[in-house]
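# Structural overview
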Amino acid sequence: NDASSYPAIDPVDVDFSKYDTVIIGTPLWWSNMAAPMQTFLFHNGKAMAGKKIGLIVSSASSGISGVERDAKRLIPEGNFTKSLWIRSSQFSSAPKMVAEWLKANGLASK
Ligand SMILES: Cc1cc2nc3c(=O)[nH]c(=O)nc-3n(C[C@H](O)[C@H](O)[C@H](O)COP(=O)(O)O)c2cc1C
């Protein structure tokens, strides 16, 4: 829980008060959330309190439980839906998988 343990990223200015729902798309690195996304959430996760959070994780093959743990640690008050895991071998099916996941979790606008 120390800012210096996260890699620097360019500033990203988002007014989270405008949003009820946040969808996070991130690759898995060494069974954890990619470090630059962890930096972003370290700085912004608290502003996502009470919001509906959808997590999409891509990996070559590793399971995503470590990434889900990172997301819950960095957004402690998030209201998480079921995550979507996309493996590299599923790349061509990804658009369909995302569309179905959005619908199934009440994240689609229509
Ligand atoms: C630094 C680094 C570490 C990674 N570690 C893992 C890993 O532990 N397990 C895994 O299945 N994939 C790992 N990957 C693969 C990425 O998750 C994958 O490249 C990413 O999800 C994008 O998918 P694509 O390469 O098919 O476009 C790693 C990638 C990088 C760059």
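Being a predicted model, the structure only gives us computed values, none of them experimental.

## Notes on the nonpolar core
Ranked by size, the top nonpolar core spans 17 residues in total, and within it Ile 24, Leu 41 and Met 48 carry the most contacts. The residues touching Ile 24, leaving out its near neighbours within four places in the chain, are Met 37, Leu 41, Ile 53, Gly 54, Leu 55, Ile 56 and Ile 75. Counting residues in hydrophobic clusters, the runner-up holds 7 residues, among them Leu 84, Ile 86, Ala 94 and Leu 107.

## Quick look at helix H2 (residues 65-74)
Among the residues of H2, Gly 66, Val 67, Asp 70, Ala 71 and Leu 74 are the ones counted as buried. Projection of H2 onto a plane perpendicular to its axis shows the buried side chains occupying an angular sector of 140 degrees, all on one side. On its buried face, H2 is in contact with strand E1 (21-29), strand E2 (32-33), helix H1 (35-44), strand E3 (52-59) and strand E4 (79-80).

## Re the site of the ligand
The environment of the ligand is made up of Pro 27, Leu 28, Trp 29, Trp 30, Ser 31, Ser 58, Ser 59, Ala 60, Ser 61, Ser 62 and Ser 88. Separating an oxygen atom of the ligand from a side-chain N or O atom of Ser 58 is a distance of 2.6 Å. Against a free-state accessible area of 620 Å², the protein chains account for coverage of 59% of the ligand. Among the elements of the structure, E1 and E3 are those that each provide at least two residues to the shell around the ligand. Ranked by the residues each element gives to the shell around the ligand, the list is headed by E1, at 3 residues.

## Topic: the environment of Asp 70
Looking at the secondary structure, you find Asp 70 in helix H2. It is 11 Å that separates the C-alpha atoms of Asp 70 and Leu 28, two residues lying 42 residues apart in sequence.

## Notes on a nonpolar patch on the surface
Together, Ile 9, Val 12, Val 14 and Tyr 19 line one region of the surface with nonpolar side chains, adding up to about 310 Å² of accessible area. Structurally, the position occupied by Ile 9 is in the segment before E1.

So, how was this worked out
Residues numbered from 1 in each chain as written. Predicted model: local features only at pLDDT ≥ 70, side-chain atom pairs only at ≥ 80, totals over all residues. Heavy atoms only, no water. Core = buried A, V, L, I, M, F, W, Y, C linked by side-chain atoms within 4.5 Å. Buried < 20%, exposed > 50% of the residue type's maximum accessible area, 1.4 Å probe, protein only. Contact = heavy atoms within 4.5 Å. Helix = DSSP H or I, 4+ residues; strand = E, 2+ residues; numbered from the N terminus. Arc of directions from axis to C-beta. Near = heavy atom within 4 Å. Polar contact = N/O pair within 3.5 Å; in protein donor to acceptor, adjacent residues only side chain to side chain. Areas by Shrake-Rupley, 256 points an atom, 1.4 Å probe, with all protein chains shown as cover. Patch = residues over 30% accessible without salt bridge, like charges linked within 9 Å, V, L, I, M, F, W, Y side chains within 5 Å. Salt bridge = Lys/Arg side-chain N within 4 Å of Asp/Glu carboxyl O.

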